[in-house]
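Structural overview for review
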Amino acid sequence: MEKDPKITNVFRFRKTKDFSKFTFPNLVAFIVAACGGGGGGSSSSPVAPTPSNNAPMAGADLTVTLAEDAVNVPLDLSAPTDSDGDSLTITVSGIPTSGSLKKADGTVLADGNALTVTELQALTFTPDANANDNTTSFGSFTYSVSDGTATDSRTVTISVDAVNDAPDFGIVVTEFAPYENSTAVTTVQATDADGEAITYSITGGLDKDLFTIGSTSGELSFINAPDFENPDDSDKDNVYGVEVSATDPQGAVSSIGYVITVNDVNESSGEDNFKLSTASITLTDYLGSEANDTNVHQLYPAVTTDTTLTANLIGGTMDLTNLSNIVSSDSSLGKSPVLSFKLSAVPGAGKAGTASITMKLFDGEDANQESGERLLQTTLSLNWSSDGSEVTVTFPEQTLTVDYFTADGALTQRTLTNVDPDTLTVTKDGVGNTSTLDLRITSFFSGQGAATGADLTGFITEGNYFFDVSFTGLNFVDSNDTPFTKIQGSFAVTNSPGIAAYIEDVVTNEGDGSATVVVTLSRASSSEVTVDYQTTDGTALAGEDYTTTSGTLTIAAGETSGNFSVPITDDSNNEALESFSVNFSNAVNATLGKTSTKISIEDNDAASTNSVSIEILAPGSSDIDVTPIILKPTPGGFNQEEAISDYGIQLEGEYETITLPEAVDKIQIEEGQAKQDIIDLHETNEILVDFPFEDDILVVSYDL
């Protein structure tokens, strides 16, 4: 119904609309529009429902497989996605337990680090070197992706396939300078990252045919001892080249080249040499600088590969008062300690020369001046001459300059004048034997007469010191004819030196019935000294070769030595040289300078009836003129592969057996070695050999 605008108060009626054609949404809109029209009513827009948030997608978990020795391998990770287009935050939530996970710029990732999408896609991984054996777990890399509301995570597992690594020689010395007449060069040592056994072989070099190497021990040596005067190398210049290879069971090989320069040895029949006997070196110290109050120590020397005779003082200590007096401004108050070398040979008649000796005294326990350590050093000259019976050594009148390097490295100097020549004499004592050569190890810092420059008073304090004496013009060799040009040793200094106990090795005959072990004190004690002892088996067995012995040795106050006996079994068996040890402990009122001694038993039984008749010649005999056989055992015994097949050697059994050609009728050992090294003539053309120590070398020559 509506009002007719032309006629007041007149209404017209129209047909009603069909509302059945309205859908529900249209109806709602219609009602809203109607309610909002005219009459001062209000109106509003329709409210849409809030849309739901979709979580980001970090990507499916995956496994990345790398090779063991790979470096900075891209992980090629896909970028995370978000269907809503939201800004994403990437956070590291876990890193591998091994290896290195890095950004493209080299930054190593850590747990909690944030990443951009670009950084994530450029990540690389490097496994730890040689750290995989198909069981190594490198863990996994995990990260989370967040849009601020929802989070998704991804795990990237690192799998590394093992790769066989070739043996590695590492950083090694490849140049050696041994003396002639010796076969030893060096022991080659390679490592294998996979822990596999390594086999060594000679594979190249101009002089490869002149060398041999232990396939498992790596001991590289000349087949025949080089002769400086008649070199065998390709250029005839005493410089030899050889290549050694190390191979693992998988066939991986590494190689290294060595240059061996052979040095000359004075071979004038030993007439120019001062040769040491096998006995120990005696070091005599003077307590309080009193000539009659001595402390006598024993040093047990050994020549190292760099021609240095090492003789450390073990167990005993040196007197502070005496050493301080020696280096004071009035050095005449002190009395220099003396190193006494027992000699088996001296230069021959008519031999003479001039020598130079450099003496160094270091703080510490080695020949290095570390920060905060001091150093004294000086060099002097001497003259020597021999008439064949005695050698006279003279320190002529000369001026010495002592260099004093302070703890901060500053150098000051002191000048000493030796006004009166000092002389010492080495005299033969019996046929073919000599007495001792005495070396006063600190007298070089004292001298006679006025001293100018730095006052060394107070230089010596309690602590550790190291002496180094090097010389030229004096030919020293040890008992095995190994030359040495330097003597070094460590010692401790104290204000109240104690008493040390020393024990020498013993060699006894089976028929003697017992072995006497002597314990010697460095000086007499005001109280009794006791020390416990106990025998222990070696190649000689308790109950068969000797009687187990133990107890406590007592050395009475005022005495300087004591002894005890170990019963030895005299049987009828033909045996090789056997040995056992006596161990010492629990010393009271003395310090042990040696905790174990060795007792060797020589057999007194004739060889068995089926023994071949072989004459053992004196060392150095001219009756033998053949290339010697040189045998050196490894710590685990002889290696059969290292035997020199050309000589028909077989090494086997409890003792090492050398099988000689059947026509052999005489053999000899090298000069300087003990005849007891040849133990037993055993069966036809066989001899048994015993080595008291693992590093002994036996040289045997034979004549057909």
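Residues numbered from 1 in each chain as written. Predicted model: local features only at pLDDT ≥ 70, side-chain atom pairs only at ≥ 80, totals over all residues. Heavy atoms only, no water.

**Examining the overall build of the protein chain**
Check the secondary structure of the protein chain and you find three helices and 52 strands. Of the contacts made within the protein chain by residues no fewer than 6 positions apart, 69% connect residues no fewer than 24 positions apart. (Helix = DSSP H or I, 4+ residues; strand = E, 2+ residues; numbered from the N terminus. Contact = heavy atoms within 4.5 Å.)

**Description of the pattern of salt bridges**
Oppositely charged side chains can form a pair if their charged atoms are brought close together. Applying the stated criterion across every chain, the model contains five salt bridges. Between Asp468 and Lys486 there is a salt bridge; the shortest N-O distance is 4.0 Å. Residue Asp468 is found in strand 33 (residues 463–472), and its partner Lys486 is found in strand 36 (residues 486–494); the two are separated by 18 residues along the sequence. Judged by relative accessible area, which is 26%, Lys486 ranks as partly exposed. (Salt bridge = Lys/Arg side-chain N within 4 Å of Asp/Glu carboxyl O. Buried < 20%, exposed > 50% of the residue type's maximum accessible area, 1.4 Å probe, protein only.)

**Thoughts on the confidence of the model for the protein chain**
Model confidence for the protein chain is summarised by a mean pLDDT of 75, while 69% of its residues fall at 70 or above. Averaged over each element, pLDDT in the protein chain is lowest for strand 50 (residues 678–681) (44) and highest for strand 40 (residues 529–536) (96). Across residues 622–655, where pLDDT falls below 50, the model places 86 contacts with residues more than four positions away in sequence or in other chains. A low-confidence stretch, residues 671–684 stays under pLDDT 50, and its non-local contacts, those more than four residues away or across chains, total 55 contacts. (pLDDT = per-residue confidence, 0-100.)

**Brief notes about the nonpolar core**
Ranked by size, the top nonpolar core spans 48 residues in total, and within it Phe341, Phe459, Ile460 and Phe491 carry the most contacts. The residues contacting Phe459, other than those within four sequence positions of it, are Val327, Leu361, Arg374, Leu376, Tyr404 and Tyr465. If you look at the next biggest cluster of nonpolar residues, it comprises 25 residues, including Val506, Ala515, Ala540 and Leu592. (Core = buried A, V, L, I, M, F, W, Y, C linked by side-chain atoms within 4.5 Å.)

**Overview of the sheet that holds strand 12 (residues 184–187)**
The strand order across the open sheet built from three strands is 12-15-14, with neighbouring strands paired in antiparallel fashion. Each having just a single partner strand, strand 12 and strand 14 (211–213) make up the two edges of the open sheet. Neighbour to neighbour, the strand axes of the sheet diverge by 20° on average, direction disregarded. Taken together, the three bridges between strand 14 and strand 15 (residues 219–222) define a ladder with antiparallel strand orientation. Across the sheet, the residue bridging to Thr212 is Ser221, located in strand 15. (Pairing = 2+ DSSP bridges. Axes fitted to C-alpha atoms, helices over the stretch in contact; angles between N-to-C directions.)

**Some details on the pairing of strand 18 (residues 273–276)**
Burial along strand 18 is two-sided: the residues Asn273 and Lys275 and Phe274 and Leu276 are all buried. Pairing geometry for strand 18 and strand 34 (residues 475–477), over three bridges, is parallel. The partner of Phe274 across the bridge, within strand 34, is Phe476. As paired elements, strand 18 and strand 24 (residues 338–345) share two bridges and run antiparallel to each other. By the bridge assignment, Leu276 is partnered in strand 24 with Leu343.

**Considerations on the sheet that holds strand 13 (residues 199–204)**
Consider a sheet: its strands pair through backbone hydrogen bonds, and that pairing is either parallel or antiparallel. What the four strands build is an open sheet, ordered 11-17-16-13; its pairing is mixed. Each end of this open sheet is capped by a strand with a single partner; those strands are strand 11 (175–176) and strand 13. Direction of pairing for strand 11 relative to strand 17 (residues 253–261): parallel, over a ladder of two bridges. Each bridged residue has a counterpart across the sheet, and for Phe176 the counterpart in strand 17 is Ile260.

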